[in-house]
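# Observations on the three-dimensional arrangement
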Amino acid sequence: MTEQSAFKTLTSGDISADQFVRVGVNEQLSEQLQRPSISYWQDGLRRLKKNRVAMLSLGLLVFIILMCIFAPLIYPHSFDEQNIAITNQGPTWQHIFGLDDLGRDIFARIWIGGRVSLAIGVVGALVSLLIGVLYGGISGYFGGLVDDIMMRIVEILVGIPYMVVVIIVSVFLGKGMTSLLLALCMTSWTGLARLVRGQVLQLKESEYVMAAKVLGTPSYKIITRHLIPNTMSLIIINTTFSIPGFIFSEAFLSFLGMGIQPPLTSWGAMASLGQQQMAYYPHELIFPALALSITMLAFNLLGDGLRDAFDPKLRQ
Amino acid sequence: MFKYILKKVGYLVVTLWIILTATFFMMYSMPGDATQSSMKVLPEAVAENLKAKWGLDKPVGEQYVIYLQNLAKGELGESYTTPGLTANTIIEERFPASLQLGLQAVVLGLVLGILLGILAALHRGRWIDFLTIFIAILGVSIPSFVFAALLQKYAAGGYFPIVGWAVSGSSIADQFKYTALPTLSAAIGGIATYSRFMRSSVLDVLNNDYILLAKSKGLSRFQIIRRHVMRNAITPIITIVAPQIAGVVTGSFVIERMFSIPGLGRYYVDSVNGRDYPMILATTVFFSFIFIFCMVVMDVLYAIVDPRVRKGIIEGKKER
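Residues numbered from 1 in each chain as written. Chains lettered and ligands numbered in written order. Predicted model: local features only at pLDDT ≥ 70, side-chain atom pairs only at ≥ 80, totals over all residues.

Across its full length, chain B holds 14 helices and zero strands. In chain B, the succession of helices and strands from N to C terminus is α-α-α-α-α-α-α-α-α-α-α-α-α-α. The 320 residues of chain B split such that 36% are buried. Contacts in chain B between residues far apart in sequence, at least 24 positions, make up 74% of those at least 6 positions apart. (Helix = DSSP H or I, 4+ residues; strand = E, 2+ residues; numbered from the N terminus. Buried ≥ 20, exposed ≤ 12 C-beta atoms within 10 Å, placed from the backbone. Contact = placed C-beta atoms within 7 Å.)

This part covers the overall build of chain A. A tally of helices and strands in chain A yields 13 helices and zero strands. Counting from the amino terminus, chain A carries its helices and strands in the arrangement α-α-α-α-α-α-α-α-α-α-α-α-α. With respect to the three principal axes, the spread of C-alpha positions in chain A is 110 × 55 × 35 Å. Counting the 316 residues in chain A, one finds 36% classified as buried. Restricting to contacts in chain A with at least 6 residues of sequence separation, those with at least 24 account for 68%.

So, about the interface of chain B and chain A. Taken together, the contact pairs 33 residues of chain B with 30 residues of chain A. Split into classes, the residues belonging to the side of chain B that touches chain A amount to 23 nonpolar, seven polar and three charged. (Nonpolar A, V, L, I, M, F, W, Y, C, P; charged D, E, K, R; others polar.)

Among the 11 residues that make up helix α12 (residues 267–277) of chain A, nine are buried, leaving the element largely enclosed by the rest of the structure. Of the residues making up α12 of chain A, those classed as buried are W267, G268, A269, M270, A271, S272, L273, G274 and Q275 of chain A. Of the surrounding secondary structure, the elements contacted by the buried residues of α12 of chain A are α5 (106–142), α11 (219–255) and α13 (283–310) of chain A together with α7 (144–154) of chain B.

All right, on to the environment of P161 of chain A then. Position of P161 of chain A among the secondary structure elements: in the loop between α6 (144–158) and α7 (162–173). By the C-beta count within 10 Å, which is 25 here, P161 of chain A ends up buried.

So, on to the packing of helix α6 (residues 127–141) of chain B against helix α8 (residues 172–206) of chain B. All names here are of chain B. Running from amino to carboxyl end, α6 crosses α8 at an angle of 135°, the nearest separation of the two axes being 8 Å. Here α6 is positioned oblique relative to α8, judged by the angle of their axes. Between α6 and α8 lies a crossing of left-handed hand. Contacts between α6 and α8 pair T132, I135, A136, G139 and V140 from the former with I188, G189, I191, A192, T193, S195, R196 and R199 from the latter. Considered class by class, the residues forming the contact of α6 with α8 number six nonpolar, five polar and two charged. (Axes fitted to C-alpha atoms, helices over the stretch in contact; angles between N-to-C directions. Parallel < 35°, antiparallel > 145°, perpendicular 65-115°, else oblique. Left-handed = near helix turned anticlockwise from the far one by under 90°.)

Summing up the model confidence of chain A, the mean pLDDT is 80 and the portion of residues at 70 or higher is 94%. Mean pLDDT values for the elements of chain A range from 57 in helix α1 (residues 3–11) of chain A up to 87 in helix α10 (residues 207–214) of chain A. (pLDDT = per-residue confidence, 0-100.)

Moving on: the nonpolar core. With 116 residues, the main nonpolar core has V166, I167, A251 and A271 of chain A together with F145 and V254 of chain B as its most contacted residues. With 14 residues, the single largest contributor to this core is α13 of chain A. The next biggest cluster of nonpolar side chains, apart from the first, holds eight residues, and it includes Y135, A193, V200 and L227 of chain A. (Core = buried A, V, L, I, M, F, W, Y, C linked by C-beta atoms within 7 Å.)

Residues and elements named next belong to chain B. Inspection of the secondary structure puts L20 in helix α1 (residues 2–28). For L20, a count of 20 C-beta atoms within 10 Å corresponds to the buried category. For the pair L20 and F289, spaced 269 residues apart in the sequence, the C-alpha separation amounts to 10.0 Å.

Peptide bonds are mostly trans, and most non-glycine residues show a negative phi. Of note, S260 of chain B is a non-glycine position whose phi angle comes to about 50°, a positive value. We classify S260 of chain B as partly exposed; it has 14 C-beta atoms within 10 Å.

Residue and element names in this part refer to chain A. The contact between α7 and helix α8 (residues 177–188) brings their axes to 9 Å, and the two run at 145°. In terms of crossing hand, the pair formed by α7 and α8 is right-handed. Between α7 and α8, the residues in contact are Y162, V165, V166, V169, S170 and L173 and S179, L180, L182, A183, L184, M186, T187 and S188, respectively. Tallied by class, the residues present in the contact of α7 with α8 amount to 10 nonpolar, four polar and no charged.

Let us now look at the confidence of the model for chain B. Across chain B, pLDDT averages 78, with 88% of residues at or above 70. Confidence metrics for the complex model read pTM 0.78 and ipTM 0.75.

Structure, rendered in structure tokens:
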């Protein structure tokens, strides 16, 4: 068929108008949802669940936490019970991880030490979360002179080396868990405060906050309903990473003999004792070091997973 | 630019003043003073002289002024537990070892970290990438004292001594022998952080249009990496070097103890445990100064290296 004849068939009336049906647009149907809509959090959780490494880390952390809570209750040896006759004994069926230089059961001590290490990590992170979010939120929301003054203070605090603060405070208040926590919390919130402030400054300019203001929503409601939920993901990610930071600092200080004091123990304190025995009885260092490293690893990997799942910058 | 540097130095002075004032009053309020511990061995007259010399018989305000005056003259204080020993002497004696260890650790961390990071990003998904990620994750999860202990147990003993430090002026071979393991232990955290940071930084840069342009212009792969990727990817690393220096300082407290290195970090810890207050004060001030100074230098350096940051400062944009 030539082009001309094809044109002819199309226009010749072989195809009549009544062969066509007007379909139109069904407005109700086009608005119908095909599947339930998912919120930001559901989407993030779905991404997180798909991340096998992160879920494994989460499982490991839950296991470690459960062991810290229940193992000392079930395990037959107490963390401060001494077996002078068999000091420094390696792992046996009786004492799974062996004994230390004072004949104390390392398996029992690991979970007691874990309680201390994890408590410091979690409490420290929560306190610095609270201070950081409040401080950054107030500074960012009110802006102007308040913001200027508050950020100058942060700038000064950031310059203070935190390890020195911790050491000085522990000299001042005496060594132990309280002074350690206090000192760690004093400087650690600045990073989060800066982060929250930057985020709030940005969100404050957004249209929906303006709309809320125009509609006469009170400040506290804007902060709690709009600003905090929208910075939540960054806050959660930051906090997950700060827990291992606290555990690390505690371990370093206890290792130097400035943190947790006997009879209480922590992973850092145990590693410190183990290091002195390492040449002949490496198990005394290896088990606490492993507990510490595995926990740190799990927190870091979980933090990575959370960031991949929830960080707005990485989600595209 | 000059104004910016001035502002930063202003912060340095204020921060340092706060640290030293807070530390001074905390140390002052501690029970007991030098003469009480020395009194047992010292005759009455000597104890009185010591009190007069340190101004211990004066009210606290005056003591503080005396301290500031001495500090202005560059005198950091005198030990309580070893009368006659000044903090200046200790710093002169002890700091070189700490500085050497710290510098070597930072340099090693930077060189290895940057190299690994670039290689990993350029060969994404290959074995070198996985190796880098592996090192980066292990490096942030294993404390340096565990790493140091493992090195002492399994790497030292043969060619490398388990503990000790080369005296200044010894041969290069000796220096290497004694400093290799401590440097590696102190650098592991840095290697991990830098390589990870560098990897994502390079991956970011590779996605840019100017890399595509460079490719389509027909530049060689080497040229692209050297002129376009490296230059843009490496500058942000300056922002994380400053906090890392803090890590090296704190790491040195531990590493110096483990390897019996006669550095200032070890002396600091010893003076804290020995409750030698003037020495604690002096070393705190000194360490804080070094730390804040590094932060300021890094901030200024970043502004010099990165034109975008410099422009922001000159236009007076608020820093975030």
